[in-house]
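Each chain is listed here by its residues.
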Amino acid sequence: MKKLIFVLTILATLTACQSSLIEERQTYGSLSLQLDNSQTVMVMTKADDNAVSVDDFNVYVSSDDATFSYVYKDMPSVVTLPVGLYVVSADNITEAQALSLPDKWGQVRYAGTSEQVNVVAGLNPVQVSLTCKMANTAVSVVFGENIDKHFTGYSITAYTDESRKLLFTPENTAGENPATAYYSSERKLYYVFSGTYLDDSEPMVITGAKMLQPATHLHLTFRMSEQNGSVGKPVIEVDTTCEDLYETITVDPTEEGAFVTE
């Protein structure tokens, strides 16, 4: 779908004379927008969900003075704006919505921003092609099959912000629709393993961290290290090579005698 955004300077006065009409025509500019969506990372569970419509995407046309917002499918074919420098951006949801919906687990956010374009007077539109890509990070947790051999009541708490901590459990990470959380990218994800040894009543807490990259789906697998506390018979090898060192010691027999290093 293509939208044309025509830019018009606001004239101080309008007159009916021919010279003013010619001058008015010269103040028009136009911007042509082509909005596409690119799924950089597949985070959907069904193949039918792979295609994402851009109809409901938000479009922002911004200058230093103002920002004009539209819903892509409802944008008029012609939008009048002051002539000047603009940046066009679009997203399916805001960053805040991507962290809160649904039920605070979040959802994928697609976003894109154009370079600054200079819309000048004339009838030839400035072509702007805008591709939206996944801007946040999806995180899933898998518990290895040997975890339950050693721990009970185990879980993972994951967060980038103390005010939004998400709990991954054996129940919500299993099945056909395991829990997937979405976080803002370029931040450090903290994950906390909590569980109790089967033969011990004391809980164990282990904390780790990892930087999140945009357009990625991070799968964290937690498993128990299999150690039996024994050491096998060592293999002994002898290296017979050696380096020859030579040093000459000189004895000085005068008076009480001494060694003289040469």
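Residues numbered from 1 in each chain as written. Predicted model: local features only at pLDDT ≥ 70, side-chain atom pairs only at ≥ 80, totals over all residues. Heavy atoms only, no water.

**Student:** If you had to explain the sheet that holds strand β9 (residues 136–143) to someone new, which residues and values would you point to?
**Tutor:** The strand order across the open sheet built from 3 strands is β12-β9-β15, with neighbouring strands paired in mixed fashion. The sheet terminates laterally at β12 (180–184) and β15 (216–222), the two strands that pair on one side only. Strand-to-strand twist of the sheet, defined as the mean angle between neighbouring strand axes without regard to direction, takes the value 30°. Summarising the sheet, β9 and β12 pair through 5 bridges and their orientation is antiparallel. From the neighbouring strand, Asn-136 faces β12, where its bridge partner is Ser-184. (Pairing = 2+ DSSP bridges. Helix = DSSP H or I, 4+ residues; strand = E, 2+ residues; numbered from the N terminus. Axes fitted to C-alpha atoms, helices over the stretch in contact; angles between N-to-C directions.)

**Student:** An account of the pairing of strand β3 (residues 58–62) is requested, with residue identities and associated values reported.
**Tutor:** Pairing analysis gives 5 bridges linking β3 to strand β4 (residues 67–71), with the strands arranged antiparallel. Considered in β4, the bridge of Tyr-60 is made with Ser-69. Where β3 folds back onto β4 in an antiparallel hairpin, the turn is made up of 4 residues. As defined by bridge partners, β3 adjoins strand β5 (residues 84–91) across 5 bridges and the pair is classed as antiparallel.

**Student:** Account for the pattern of salt bridges, naming residues and giving values.
**Tutor:** Inspection of the entire model under this criterion finds 4 salt bridges. Between Lys-73 and Asp-56 there is a salt bridge, with its nearest N and O atoms 2.9 Å apart. Note that Lys-73 is positioned in the loop between β4 and β5 and Asp-56 in the loop between β2 (28–37) and β3, a separation of 17 residues in sequence. Here Arg-187 and Glu-95 are joined by a salt bridge, their closest N and O atoms 4.0 Å apart. Of this pair, Arg-187 sits in the loop between β12 and β13 (188–197) while Glu-95 sits in helix α2 (residues 95–100); the two residues are 92 residues apart in sequence, bridging distant segments of the chain. By relative accessible area, which is 39% here, Arg-187 ends up partly exposed. (Salt bridge = Lys/Arg side-chain N within 4 Å of Asp/Glu carboxyl O. Buried < 20%, exposed > 50% of the residue type's maximum accessible area, 1.4 Å probe, protein only.)

**Student:** Could you give an account of the layout of surface pockets, with specific residues and numbers?
**Tutor:** In this model, the second largest pocket occupies a volume close to 170 Å³. Ile-147, Phe-151, Tyr-191, Phe-193, Tyr-197, Met-204, Ile-206, Thr-207, Gly-208, Phe-222, Arg-223 and Met-224 are the residues that line the second largest pocket. Taken together, the elements giving at least two residues each to the lining of the second largest pocket come down to β13 and β14 (203–211). Ranked by residues supplied to the lining of the second largest pocket, first place goes to β14 with 4 residues. By residue class, the composition of the lining of the second largest pocket is 9 nonpolar, 2 polar and 1 charged. (1 Å grid on protein atoms, 1.4 Å probe; cavity = no way out; pocket = protein on both sides within 12 Å on 5 of 7 lines; lining within 4 Å. Points joined across faces, edges and corners; volume = space filled by probe spheres on them. Nonpolar A, V, L, I, M, F, W, Y, C, P; charged D, E, K, R; others polar.)

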